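Chain by chain, the residues:
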Amino acid sequence: MLANAVIYLSFFPVIFFCAVLSLSIKEFKPVYGILACVLGLVALIPIEIIQFTINSNVNFTLASMQLLLKCLLVNGLVEETAKMAVLFALPAKKLNKASFFWCAALSGLALGCYELFIYLVLNLHFQNALLRFLTAVIIHTACSALSGLFVYSVKAKKFSPFPFICAILFHGIYDYFAGFPKNTVFFYFSFIVIIFALIECRAIYFDKPEE
């Protein structure tokens, strides 16, 4: 019973965040939140297929340049490209910049929680659930928000690739450091990357006027 409760609670952040956005942002409608969550699930499908294929055929050594390259290309480029691509399905003409930004963040949060659900079902390592939420789920959310700003710039015909590039780099570097054992100092660099990703979200979005 406790196991089922923990698994179901992995979806609570998505429901709570969607409710908060619906109540706090006038232009944000629940239907957009639901669409964002569905898009997060859609993005997860090609990500899991590609990662499974690569990880099954290539062996990587810890703390090597090969591993860093893998994190940047597979975890960074592949994952963020999939997450970014599905965001084009959001109706930009019906969403202002704020609503689009938060829909993108919600999509990343949903994807992260879907992943958390899968890990809980397959591995049942409940003691790691909170740590994963505070790390992997948050980096997914922040990077999707950055990718959302890129997609919005394309739809607004003000092409700005910098947020998407940041999303790729932050995600790849985070995964590289997160792969180190928890008893090493390198593992905690992953938290620094998360903080920088959140700061960059603010720097790119909140410090710029509405486009």
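The structure we're discussing is the one just above.
Structure report, in brief. (Residues numbered from 1 in each chain as written. Predicted model: local features only at pLDDT ≥ 70, side-chain atom pairs only at ≥ 80, totals over all residues. Heavy atoms only, no water.)

Attention now goes to the overall build of the protein. The number of helices and strands found in the protein is eight helices and zero strands. When the 211 residues of the protein are sorted by exposure, 46% land in the buried category. The contacts in the protein between residues at least 6 apart in sequence include a share of 77% that link residues at least 24 apart. Here the protein has roughly 11000 Å² of accessible surface; of this, 73% comes from carbon and sulfur atoms. (Helix = DSSP H or I, 4+ residues; strand = E, 2+ residues; numbered from the N terminus. Buried < 20%, exposed > 50% of the residue type's maximum accessible area, 1.4 Å probe, protein only. Contact = heavy atoms within 4.5 Å. Areas by Shrake-Rupley, 256 points an atom, 1.4 Å probe, with all protein chains shown as cover.)

This part is about unusual backbone geometry. If you check the backbone angles, Lys157 has positive phi at about 60° while not being a glycine. Topologically, Lys157 is positioned in the loop between helix H6 (129-155) and helix H7 (162-178). We classify Lys157 as exposed; its relative accessible area is 78%.

Before going further, it helps to spend a moment on the pattern of salt bridges. This model, assessed by the stated rule, comprises one salt bridge. Across the salt bridge formed by Glu80 and Lys83, the nearest N and O atoms sit 2.8 Å from each other. Residue Glu80 and its partner Lys83 are both found in helix H4 (residues 65-86); the two are separated by three residues, about one turn of the helix. Residue Lys83 is classed as buried on the basis of its relative accessible area of 3%. (Salt bridge = Lys/Arg side-chain N within 4 Å of Asp/Glu carboxyl O.)

Right, let's get into helix H2 (residues 12-24). An α-helical turn contains 3.6 residues, so a residue and the one three or four places further along point in the same direction. The terminal C-alpha atoms of H2, which comprises 13 residues, lie 18 Å apart, in line with the 18 Å expected from a rise of 1.5 Å per residue. Taken residue by residue, H2 has Pro13, Val14, Phe17, Cys18 and Leu21 as its buried positions. With its buried residues spanning 130° around the axis, H2 presents them on a single face. Across from the buried face of H2, at angles greater than 90 degrees, the exposed residues are Ile15 and Leu23. (Expected span 1.5 Å × (residues − 1). Arc of directions from axis to C-beta.)

The next thing to look at is the packing of aromatic side chains. Taken as a whole and judged by the stated rule, the model has 17 aromatic pairs. The interplanar angle of 65° and the centroid separation of 5.3 Å between the aromatic rings of Tyr176 and Phe177 together place this pair among those described as edge-to-face. Here Tyr176 matches Phe177 in class, with each residue buried. An aromatic cluster of three or more residues is present, and its members are Tyr176, Phe177, Phe180, Phe186 and Phe189. (Phe/Tyr/Trp six-rings, centres within 6.5 Å; stacked < 30°, edge-to-face > 60°.)

Quick look at the side chain of Glu80 now. Using a relative accessible area of 0% as the deciding quantity, one classes Glu80 as buried. At a separation of 2.6 Å, a polar atom in the side chain of Glu80 contacts the side chain of His171. If sequence neighbours within four positions are ignored, Glu80 has contacts with Asn75, Cys143, Ser144, Ser147, Phe164, Ala167, Ile168 and His171. (Polar contact = N/O pair within 3.5 Å; in protein donor to acceptor, adjacent residues only side chain to side chain.)

Let us now look at a nonpolar patch on the surface. Taken together, Val185, Phe186, Phe189, Ile192 and Phe196 make up a surface patch of nonpolar side chains, about 480 Å² in accessible area. With respect to the helices and strands, Val185 occurs in the loop between H7 and helix H8 (189-206). (Patch = residues over 30% accessible without salt bridge, like charges linked within 9 Å, V, L, I, M, F, W, Y side chains within 5 Å.)

Moving on: empty space enclosed by the protein. One pass over the full model with this rule turns up one cavity of 30 Å³ or more. Here the largest cavity is characterised by a volume of approximately 30 Å³. Contributing to the lining of the largest cavity are Gly40, Ala43, Lys83, Leu87, Ala104, Ser107, Gly108, Leu111 and Ser144. Elements that contribute at least two residues to the lining of the largest cavity include exactly helix H3 (30-57) and helix H5 (97-123). Among the elements that line the lining of the largest cavity, the one with the most residues is H5, at four residues. (1 Å grid on protein atoms, 1.4 Å probe; cavity = no way out; pocket = protein on both sides within 12 Å on 5 of 7 lines; lining within 4 Å. Points joined across faces, edges and corners; volume = space filled by probe spheres on them.)

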